[in-house]
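Spelled out from the first residue to the last, the chains are:
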Amino acid sequence: DIQMTQSPSSLSALVGDRVTITCRASQTISRHLNWYQQKGGKAPKLLIYGASYLQSGVPSRFSGSGSGTDFTLTISSLQPEDFATYYCQQSYSTPLTFGGGTRVEI
Amino acid sequence: EVQLVESGGALVQPGGSLRLSCSASGFTFSNYAMSWVRQAPGKGLEWVSGVSSADNNTYYADSVRGRFTISRDNSKNTLYLRMNGLSAEDTAVYYCAKVDYYDGSGLDFDFWGQGTLVTVSS
């Protein structure tokens, strides 16, 4: 199974800050990496797919990069509505696996 | 508008069984693979199972293989998860998710239901 490791597990930031979350795969996954946002026990929401493609309707302050084993999610200017938990997920092979999550707090 | 509505979650005793349903609307259900993803209380997301658009290919996490069965009825636009041999470790919110493909082989979960809670306890 491919293990996905996110760092940090939590971070504190201010509105307007640039935030970067990293995700590392235990083996190469090409660009088969997705990012989700989850708020307050609600269903996750797809933000980024294929490592860098912005899902329709997602604000452009979100961006993704990386390939192989190392990936990043960047929020260019943190907004109040961005305080949430973020998960990466690989779709290179089954079982599909998620990272442990990064909680972004005020 | 895509909508996924799960139902069937309940309190069940260890060793018991349960069937979850996910009713889909707003898209051509029969054209898309579907999955179940769960989240234990206070924990992260765990992919549970997936099924191809025509129900001829199914996939499972090791933690549920042999106990859970995913299926779909394209005539009813409904996805199912039959769960047998439940244990406390299966306690979670279960989400159904629509699968979308990109770049020929990548996939993501582009729409999710609101989830249904399964609690396994005596």
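Higher on the page you've got the structure.
Quantities reported herein were computed from a predicted structural model and do not represent experimental measurements. Note that residues are indexed from 1 along each chain, following the sequence as it is written. Starting at A for chains and at 1 for ligands, labels are handed out in the order in which the entities are written. Local features in this predicted model are restricted to residues whose pLDDT is 70 or higher, and side-chain atom pairs enter the listing and the counts only when it is 80 or higher, whereas totals over whole chains, interfaces and linings include all residues. For side-chain calculations, the full set of non-hydrogen atoms in the structure is used, while hydrogens and water are omitted.

## Re the layout of surface pockets
Now for step 1: Cavity: a set of points on a 1 Å grid over the protein atoms alone where a 1.4 Å probe fits but cannot get out. Pocket: an open set with protein on both sides within 12 Å along at least five of seven lines, its lining residues, like those of a cavity, having an atom within 4 Å of a point. Grid points are joined across faces, edges and corners, and a volume is the space filled by probe spheres set on the points. Each pocket or cavity is described by its volume, and for the largest pocket that value is around 380 Å³.
Now for step 2: What lines the largest pocket is a set of 22 residues, among which Gln38, Gly41, Thr85 and Tyr87 of chain A together with Gln39 of chain B lie closest to the centre.
Now for step 3: Each helix corresponds to a stretch of at least 4 residues labelled H or I by DSSP, and each strand to a stretch of at least 2 residues labelled E; elements are numbered beginning at the N terminus. With 4 residues, the single largest contributor to the lining of the largest pocket is strand 11 (residues 102–105) of chain A.
Now for step 4: A per-class count over the lining of the largest pocket returns 8 nonpolar, 10 polar and 4 charged. Residue classes follow a fixed rule: Ala, Val, Leu, Ile, Met, Phe, Trp, Tyr, Cys and Pro count as nonpolar, while Asp, Glu, Lys and Arg count as charged, and any other residue, Gly among them, counts as polar.

## Some words on the pattern of salt bridges
Residue and element names in this part refer to chain B.
Now for step 1: In the sections that follow, a salt bridge refers to a side-chain nitrogen of Lys or Arg positioned within 4 Å of a carboxyl oxygen of Asp or Glu. Taken as a whole and judged by the stated rule, the model has 9 salt bridges over all chains.
Now for step 2: Two residues, Arg38 and Asp90, come together in a salt bridge whose shortest N-O distance is 2.9 Å. Within this pair, whereas Arg38 is found in strand 4 (residues 34–39), its partner Asp90 is found in the loop between strand 8 (78–83) and strand 9 (92–102), the two being separated by 52 residues in sequence.
Now for step 3: To sort residues, take the accessible area from a 1.4 Å probe on protein chains only and compare it with the maximum for the residue type: under 20% means buried, over 50% means exposed, and anything in between is partly exposed. The exposure class assigned to Arg38 is buried, which follows from its relative accessible area of 5%.
Now for step 4: With relative accessibility at 1%, the residue Asp90 sits in the buried group.
Now for step 5: Of the charged contacts, one joins Lys98 and Asp110 as a salt bridge, the two residues approaching to 2.9 Å between their closest N and O atoms. In this pair, Lys98 sits in strand 9 while Asp110 sits in strand 10 (residues 106–112), placing the two residues 12 residues apart along the sequence.
Now for step 6: Owing to a relative accessible area of 5%, Lys98 belongs among the buried residues under this scheme.

## Some details on the environment of Gly104 of chain B
Now for step 1: With respect to the element layout, Gly104 of chain B can be found in the loop between strand 9 and strand 10.
Now for step 2: Distance from Gly104 of chain B to Asp62 of chain B, taken between C-alpha atoms, is 26 Å for residues 42 residues apart in sequence.

## Quick notes on the pairing of strand 4 of chain B
Residue and element names in this part refer to chain B.
Now for step 1: For strand 4, the tally of buried residues reaches 6 of 6 residues, placing the bulk of the element in the interior.
Now for step 2: Of the two faces of strand 4, the one carrying Met34, Trp36 and Arg38 and the one carrying Ser35, Val37 and Gln39 are both buried.
Now for step 3: Two elements, strand 4 and strand 5 (residues 45–51), share 6 bridges in a ladder whose sense is antiparallel. Counterpart to Val37 in the pairing with strand 5 is Trp47.
Now for step 4: The antiparallel hairpin formed by strand 4 and strand 5 contains 5 residues in its connecting segment, where Gly42 sits at a positive phi of about 75°.
Now for step 5: Pairing between two strands is assigned when DSSP locates at least 2 bridges connecting them. Strand direction decides the pairing type here: strand 4 and strand 9, joined by 6 bridges, are antiparallel. Of the residues in strand 9, the one forming a bridge with Gln39 is Val93.

## Things to note about the sheet that holds strand 3 (residues 18–25) of chain B
Each strand in a sheet pairs with its neighbour through backbone hydrogen bonds, running either in the same direction (parallel) or in the opposite one (antiparallel).
Residues and elements named next belong to chain B.
Now for step 1: Overall, antiparallel pairing links the 4 strands, which are arranged 1-3-8-7 in an open sheet. Both outer strands of the open sheet, strand 1 (3–7) and strand 7 (68–73), are each paired with one neighbouring strand and no more. Between one strand axis and the next, the sheet turns through 15° on average, direction left out of account.
Now for step 2: Note: strand 3 against strand 8, 6 bridges, orientation antiparallel. Note on strand 8: the bridge partner recorded for Cys22 is Leu79. As a rule, the C-alpha atoms of each element are fitted with a line to give its axis, helices using only the stretch in contact, and angles between N-to-C directions run from 0 to 180 degrees.

So far we have only geometry, and geometry alone does not tell us how the molecule works.
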